[in-house]
Amino acid sequence: MKNLPWLAANAPGHFRFSRALGRPEETQRSLLRRCLAANADTAFGRAHGFASIRTAEEYRTRIPFLTGETLAPWVDRIARGEAGVLTRSPVRTLEPTSGSSATAKLIPYTAALQREIRRAVAPWIVDLYAHRPRLAFGTAYWSITPLALDDDRPAGPVRIGFEEDSEYLGGFWGRLADATLAVPGAVRHLRDPDAFRRATLKHLLLRRDLTLISVWHPSFLTLLLEALPRFWDELLRDVAAVDSRRAAELKLLTPDAPVRIWPRLGLISCWGDAHAALSLRELETMFPGVEIQPKGLLATEGFVTIPFRRAWPLAIRSHVFEFLPEDAGDIGDTGEPRFAWEVEEGRSYSVVLTTGGGLYRYRLQDRVRVEGFVERTPSLRFLGKEGHVSDLRGEKLHESFVAEVLAALFERTGIAPRFAMLAPADGEPAGYVLLLEIEPEPPAGLAERLDDALSANPGYRLARALGQLAAVRAERLEPGAFARYLHRCQERGQRWGDVKPLALSPLAAWESALLR
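Let me begin by describing the structure that accompanies this report.

Quick notes on the rules
Residues numbered from 1 in each chain as written. Predicted model: local features only at pLDDT ≥ 70, side-chain atom pairs only at ≥ 80, totals over all residues. Heavy atoms only, no water. Helix = DSSP H or I, 4+ residues; strand = E, 2+ residues; numbered from the N terminus. Contact = heavy atoms within 4.5 Å. Areas by Shrake-Rupley, 256 points an atom, 1.4 Å probe, with all protein chains shown as cover. Pairing = 2+ DSSP bridges. Axes fitted to C-alpha atoms, helices over the stretch in contact; angles between N-to-C directions. 1 Å grid on protein atoms, 1.4 Å probe; cavity = no way out; pocket = protein on both sides within 12 Å on 5 of 7 lines; lining within 4 Å. Points joined across faces, edges and corners; volume = space filled by probe spheres on them. Nonpolar A, V, L, I, M, F, W, Y, C, P; charged D, E, K, R; others polar. Buried < 20%, exposed > 50% of the residue type's maximum accessible area, 1.4 Å probe, protein only. Expected span 1.5 Å × (residues − 1). Salt bridge = Lys/Arg side-chain N within 4 Å of Asp/Glu carboxyl O. Polar contact = N/O pair within 3.5 Å; in protein donor to acceptor, adjacent residues only side chain to side chain. Parallel < 35°, antiparallel > 145°, perpendicular 65-115°, else oblique. Phe/Tyr/Trp six-rings, centres within 6.5 Å; stacked < 30°, edge-to-face > 60°.

1. Some words on the overall build of the protein chain
- What the protein chain contains, in helices and strands, is 18 helices and 18 strands.
- Look at the contacts in the protein chain between residues 6 or more apart in sequence, and 68% of them connect residues 24 or more apart.
- Taken as a whole, the protein chain presents about 21,000 Å² of accessible surface, with 53% of it coming from carbon and sulfur.

2. A word on the sheet that holds strand E16 (residues 419-424)
- Read from one edge of the open sheet, three strands run E16-E17-E18, paired in mixed fashion. Edge positions in the sheet fall to E16 and strand E18 (473-476), since each of these pairs with one other strand and no more. Ignoring which end each strand starts from, the neighbouring axes of this sheet average 25° apart.
- Summarising the sheet, E16 and strand E17 (residues 432-437) pair through six bridges and their orientation is antiparallel. Its bridge partner being in E17, leucine 422 is matched across the sheet by leucine 434.

3. Here's the deal with unusual backbone geometry
- Following glutamate 428, the chain continues to proline 429 via a peptide bond in cis, the omega torsion being 0°.
- Its place among the elements puts proline 429 in the loop between E16 and E17.
- Backbone torsion omega between glutamate 439 and proline 440 reads -5°, so that peptide bond is classified as cis.
- As for its placement among the helices and strands, proline 440 is situated in the loop between E17 and helix H15 (446-454).
- For glutamine 365, which is not a glycine, the phi torsion comes out positive at approximately 65°.
- With respect to the secondary-structure elements, glutamine 365 resides in strand E12 (residues 362-374).
- One non-glycine residue with positive phi stands out, namely alanine 509, at about 75°.

4. As for empty space enclosed by the protein
- Under the defined criterion, the tally for this structure stands at five cavities of 30 Å³ or more.
- As a volume, the largest cavity reaches approximately 190 Å³.
- If you list the elements that add at least two residues to the lining of the largest cavity, you get helix H9 (218-226), helix H13 (277-286), E16 and helix H17 (481-491).
- When its residues are assigned to classes, the lining of the largest cavity shows eight nonpolar, six polar and four charged.

5. Digging into the environment of leucine 190
- When you line up the elements, leucine 190 lands in the loop between helix H7 (171-178) and helix H8 (193-205).
- The class for leucine 190 is partly exposed, based on a relative accessible area of 32%.
- Separated by 10 residues in the primary sequence, leucine 190 and threonine 200 have C-alpha atoms spaced 10.0 Å apart.

6. What to know about the side chain of glutamate 301
- Within the secondary structure layout, glutamate 301 lies in the loop between strand E7 (298-299) and strand E8 (302-303).
- Look at glutamate 301 and you get buried, because its relative accessible area is 5%.
- Every residue in contact with glutamate 301, bar those within four places of it in the chain, is listed here: Thr97, Lys105, Ile107, Leu113, Leu353, Thr355, Leu359, Tyr362 and Leu364.

7. A short note on the sheet that holds strand E3 (residues 139-142)
- With respect to topology, four strands assemble into an open sheet ordered E3-E4-E5-E6, the strand pairing being parallel. Single-partner strands in this sheet number two, and they are E3 and strand E6 (291-294). Between one strand axis and the next, the sheet turns through 20° on average, direction left out of account.
- In this structure, E3 lies alongside strand E4 (residues 210-214), joined through four bridges in parallel fashion.

8. What to know about H8
- A rise of 1.5 Å per residue sets the reference length of H8, with its 13 residues, at 18 Å; its end C-alpha atoms lie 18 Å apart and thus fit the reference within 8%.
- Within the span of H8, buried status applies to Phe196, Arg197, Ala199, Thr200, Leu201, Leu204 and Leu205.
- Those residues of H8 that are buried lie in contact with E3, E4, H9, helix H10 (228-242), helix H11 (244-251) and helix H12 (258-261).

9. Overview of the pattern of salt bridges
- Evaluated as defined, the whole model comprises 30 salt bridges.
- For the salt bridge of glutamate 291 with arginine 132, the shortest nitrogen-to-oxygen distance reads 2.9 Å. Taken together, the residues glutamate 291 in strand E6 and arginine 132 in the loop between helix H6 (111-131) and E3 connect sequence positions 159 residues apart.
- Arginine 132 gets classed as buried once you look at its relative accessible area, which sits at 10%.
- Here aspartate 209 and arginine 207 are joined by a salt bridge, their closest N and O atoms 2.8 Å apart.
- A single network of salt bridges, built from pairs that share partners, joins Glu226, Glu282, Arg418 and Glu437.

10. Some points on the side chain of threonine 87
- Looking at the element boundaries, threonine 87 is found in the loop between helix H5 (68-79) and strand E1 (91-97).
- Residue threonine 87 is classed as buried on the basis of its relative accessible area, which comes to 4%.
- Among the polar contacts made by the side chain of threonine 87, one reaches the main-chain carbonyl oxygen of serine 89 at a distance of 2.8 Å.
- Those residues in contact with threonine 87 that sit more than four places away from it in its chain are Asn39, Thr42, Thr110, Gly356, Gly357, Gly358 and Tyr360.

11. Considering the packing of H8 against H9
- Two numbers describe how H8 lies on H9: the axes approach to 10 Å, and their chain directions differ by 85°. In terms of orientation, H8 and H9 fall into the roughly perpendicular class. Residues Phe196, Arg197, Thr200, Leu201 and Leu204 of H8 pack against Phe220, Leu223, Leu224 and Leu225 of H9.
- In terms of residue class, the contact of H8 with H9 is built from seven nonpolar, one polar and one charged.

12. Points about the environment of arginine 260
- By the secondary structure assignment, arginine 260 is in helix H12.
- For arginine 260 and arginine 208, which are 52 residues apart along the polypeptide, the C-alpha to C-alpha distance reads 9.5 Å.

13. A few points about the packing of aromatic side chains
- Summed over the entire model, instances satisfying the criterion amount to 16 aromatic pairs.
- Ring geometry for tryptophan 124 and tryptophan 142: centres 5.8 Å apart, planes at 75°, overall edge-to-face. Placement of tryptophan 124 in helix H6 and of tryptophan 142 in strand E3 is noted, with a sequence separation of 18 residues between them.
- Tryptophan 124 sits in the buried class, given a relative accessible area of 4%.
- Between tyrosine 432 and tyrosine 460 the ring centres are 6.5 Å apart and the planes differ by 45°, which places this aromatic pair in the tilted class. Remark: tyrosine 460 occurs in helix H16 (residues 458-465) and tyrosine 432 occurs in strand E17; sequence separation between them is 28 residues.
- Classification of tyrosine 460 as buried rests on a relative accessible area of 0%.

Right, here's the structure in full:
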């Protein structure tokens with residue numbers, strides 16, 4: 001019953017979002033006017049003439065794009081305690097995010113940005129439970145940032161990072177969400193991965209009424225459950241100390257049957273687009289009969305799409321969106337940006353955000369395709385990161401292209417690798433290696449077929465014809481490849497919640513790191 005106040009609080013936001021779907025232009029123009037008016041008297045607003053901008057078209061023409069690098073000097077001023085830099089609304093925290101390969105960036109979080117996030121969460125939550133009412137009569141496991149930051153966070157006038165995931169929503173709303181959760185937020189402060197997994201599993205095992213799981217990448221959940229047999233006996237003792245009846249019930253089960261451990265589980269929400277789609281197969285095998293809902297495109301910087309009415313419409317009431325056509329994919333290009341009401345079905349774009357946290361025309365470097373419309377609002381599918389490009393000999397392979405090639409290849413060959421990534425091969429000659437965790441051996445001719453498919457890229461085809469690149473190799477990995485990948489990413493300073501298994505990594509040395 002704790003879900004009912006949470007649902008009631010989100011109902012008005014669901015109603016307003018539903019109305020906005022039919023009028024994206026009016027909604028977006030209104031958001032931009034309010035944002036410019038609220039922040040005209042800031043350092044950024046004065047420097048860029050916010051007060052004199054009258055239309056969205058003027059804003060698009062006069063304000064340059066921001067990237068993580070060009071945003072950094074402004075954020076540095078905020079971190080030193082300067083007020084009114086990007087927003088009039090005080091910055092509550094600087095939330096770190098590193099994406100899939102870059103070093104950490106700090107994203108300002110304000111009350112205005114938290115309101116924008118709630119405007120996206122509300123319709124998602126209400127739609128989720130409205131179409132699956134039995135989910136509301138149980139608890140949920142939500143994991144956004146599974147491990148906290150290290151204790152050596154720099155001290156300063158502005159806090160770095162939220163203490164709890166629920167703080168993304170803000171005070172009252174966070175407390176309402178907390179009341180519905182199966183695992184306390186404090187668990188994320190356990191910095192040892194095994195301690196974190198054991199504590200999380202203990203709380204989950206205590207909840208026979210678990211109905212909903214929401215995680216980031218599907219492999220996070222499969223890795224969590226792979227630890228269940230290792231800790232099973234200890235966990236049963238932990239559960240017995242709290243709930244002897246539940247412990248007795250669990251003793252009749254085995255740790256390899258999660259649908260029997262949580263018989264009321266009805267839905268798992270996780271990333272399901274681009275390369276993450278490969279991991280959905282294992283999750284579907286592990287949870288037969290449980291609905292898997294792709295989460296849409298969510299980032300620390302803001303919400304782009306949400307699951308709604310069996311589609312993934314733009315979070316039209318949250319932020320101001322622009323879209324660069326796919327032929328303007330390089331960071332230095334400007335192209336001809338489109339507003340949300342100007343995009344075309346079937347076209348691919350790069351996402352640009354303006355948010356209440358002070359990101360103005362911020363290039364998110366995420367590529368999306370317009371799959372259709374929910375009323376007049378575009379429904380988008382995430383294709384991949386535009387910044388992930390490997391260019392050993394001028395071939396310029398993009399991660400989203402490689403993801404599509406691998407997905408098609410695996411479908412044609414009927415294989416479902418647990419882990420798959422193309423990376424520069426170690427040593428000479430220059431070339432690429434496909435790293436696969438698969439049982440049994442990869443099918444004969446897989447590397448040759450991949451080489452042919454990659455040759456659809458003219459730069460790659462030319463480099464192969466000239467002998468600049470060697471033919472692709474395929475290497476089979478021992479079990480636990482994703483865990484090794486995750487560990488190496490952590491060593492490079494990435495947080496769990498930021499690590500995304502990639503179809504293509506431009507970084508060398510993955511072969512030696514994962515082949516052990």
